[in-house]
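Read off the chains here:
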Amino acid sequence: MLDTSTMRAGNAPAPAARIKRYRPSFGRCMLLSSAALVLAFILLPLVFVIWMSVFRQEIPTFPPDGYSLRWFKAVFGQDVFVQGLLLSLQVTAMATLLAMALGTAAALALVRTKMPFKGFFNNLLLTPMVLPGVVLGAAIYVAQIEVEMLTQWPLLGSFWGLALAHALVVLPWVVRLIGANLVGLDPAIEEAAKNLGAHPWAVFWRITLPSIRPGLVAAALLGGVISFGNLEMSLFLVGPGETTLPIAILQYLEWKIDPTVAAVSVMQILLIAVALIASDRFVRLSRIV
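Figured I'd write up the structure that's included with this text.

What counts and what doesn't
Residues numbered from 1 in each chain as written. Predicted model: local features only at pLDDT ≥ 70, side-chain atom pairs only at ≥ 80, totals over all residues. Heavy atoms only, no water. Helix = DSSP H or I, 4+ residues; strand = E, 2+ residues; numbered from the N terminus. Contact = heavy atoms within 4.5 Å. Areas by Shrake-Rupley, 256 points an atom, 1.4 Å probe, with all protein chains shown as cover. Buried < 20%, exposed > 50% of the residue type's maximum accessible area, 1.4 Å probe, protein only. Axes fitted to C-alpha atoms, helices over the stretch in contact; angles between N-to-C directions. Parallel < 35°, antiparallel > 145°, perpendicular 65-115°, else oblique. Left-handed = near helix turned anticlockwise from the far one by under 90°. Nonpolar A, V, L, I, M, F, W, Y, C, P; charged D, E, K, R; others polar. Phe/Tyr/Trp six-rings, centres within 6.5 Å; stacked < 30°, edge-to-face > 60°.

### Section: the overall build of the protein chain
Now for step 1: When helices and strands are tallied, the protein chain shows 13 helices and zero strands.
Now for step 2: Helices and strands in the protein chain line up, N terminus first, as α-α-α-α-α-α-α-α-α-α-α-α-α.
Now for step 3: Long-range contacts, defined as pairs at least 24 residues apart, comprise 69% of the intrachain contacts of the protein chain with a sequence gap of at least 6.
Now for step 4: With an accessible surface of roughly 18300 Å², the protein chain has 69% of that area assigned to carbon and sulfur atoms.

Here it is, written out as structure tokens:
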């Protein structure tokens, strides 16, 4: 016979077997509170910039008299911002192309070959990522002067000098992103194509590149963000009478503070945010940062 004394109405579990309600510990609560405070501290300047960009009055006062979007239209009436944006876009495009070509080759060499001193070259390629921008800008400035003295090439202050310097800054991120994709790609697929008689260039063009396409797109987008927002190094290398957009914003702030500079800053932030979100959809940035 079944012992019905152990059965309970509705098959309800015994009180001792019930799962206890989760209660976060005091330490976890403090950790989450600290993280929230730090995040709020980081985002607070961004909130003020966005808020200031829609002030109606020209001289910022708190609280504002009203709100208006006319300052976003006024940005395109400022030649310094328009010219700075055009130069930044040109430098970003050229620097990204150069870094993509060099970074793809470097990532393939580091991941797919057994070259000697691989660790040394890997750390060397990542050096621009960890050096302060002012130090890197001063070093490139001196290097371009030395190159001009030896070759008589007008490098310093030229478009190509600035683009090459930006490519050097973008290169580590391209190597990391494409390298992360190559590590996830099974080399047996490439070896199979070679065993079937495919030329190494055909293997690279038809198998490797399509397989790492997400990394290529993410590297191009993230590299463009790094180049577009660069300020410290560009200050050393821009030519006379030329400014990138970050430098134009800095120079404008030296003489005047009004909602126009806040509006152009918001536009720059939106461009960078869109590029970062698009990059993260192809390759998780947490894998490389």
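### Thoughts on unusual backbone geometry
Now for step 1: Here the phi dihedral of Q152 falls at roughly 65°; this positive angle occurs in a residue that is not glycine.
Now for step 2: Positionally, Q152 belongs in the loop between α6 (133-151) and α7 (159-184).
Now for step 3: Residue classification places Q152 among the exposed residues on the basis of a relative accessible area of 64%.

### Concerning the packing of α7 against helix α10 (residues 213-228)
Now for step 1: Contact geometry of α7 with α10 gives a least axis separation of 9 Å together with a crossing angle of 155°. Relative to α10, α7 is oriented roughly antiparallel. In this structure, α7 meets α10 at a crossing whose hand is right-handed. For the pair α7 and α10, contact is made by H166, V169, V170, W173, V174, L177, I178 and N181 and by P214, G215, L216, A218, A219, L222, G223, I226 and S227, respectively.
Now for step 2: Looking at the contact of α7 with α10, its residues break down into twelve nonpolar, five polar and no charged.

### Quick look at the packing of aromatic side chains
Now for step 1: Tallied over the full model, the rule gives seven aromatic pairs.
Now for step 2: Judged by centre distance (5.5 Å) and plane angle (70°), the rings of F120 and F121 are edge-to-face.
Now for step 3: By relative accessible area, F121 is classed as partly exposed at 34%.
Now for step 4: Taken together through their ring pairs, the aromatic side chains of F48, W51 and F55 make up a single cluster.

### Description of the environment of W51
Now for step 1: By the secondary structure assignment, W51 is in helix α1 (residues 26-52).
Now for step 2: Classification of W51 by relative accessible area gives partly exposed; the value is 30%.
Now for step 3: Residues W51 and Y67, 16 residues apart in the sequence, show an inter-C-alpha distance of 9.1 Å.
Now for step 4: Not counting residues up to four positions away in its chain, the partners in contact with W51 are F62, P64 and Y67.

### A look at the packing of helix α9 (residues 200-211) against α10
Two numbers describe a pair of packed helices, the interaxial angle and the distance between the axes.
Now for step 1: With their axes 4 Å apart at the nearest point, α9 and α10 run at an angle of 65° to one another. Along the contact surface, α9 presents L209, P210 and S211, while α10 presents R213, P214 and L216.
Now for step 2: In terms of residue class, the contact of α9 with α10 is made up of four nonpolar, one polar and one charged.

### With respect to the environment of G137
Now for step 1: Note that G137 resides in helix α6.
Now for step 2: According to the relative accessible area criterion, G137 is buried, its value standing at 0%.
Now for step 3: For the pair G137 and L237, spaced 100 residues apart in the sequence, the C-alpha separation amounts to 7.5 Å.
Now for step 4: Those residues in contact with G137 that lie beyond four places of it in its chain are M233, F236 and L237.

None of the figures reported here should be taken as evidence of function without further support.
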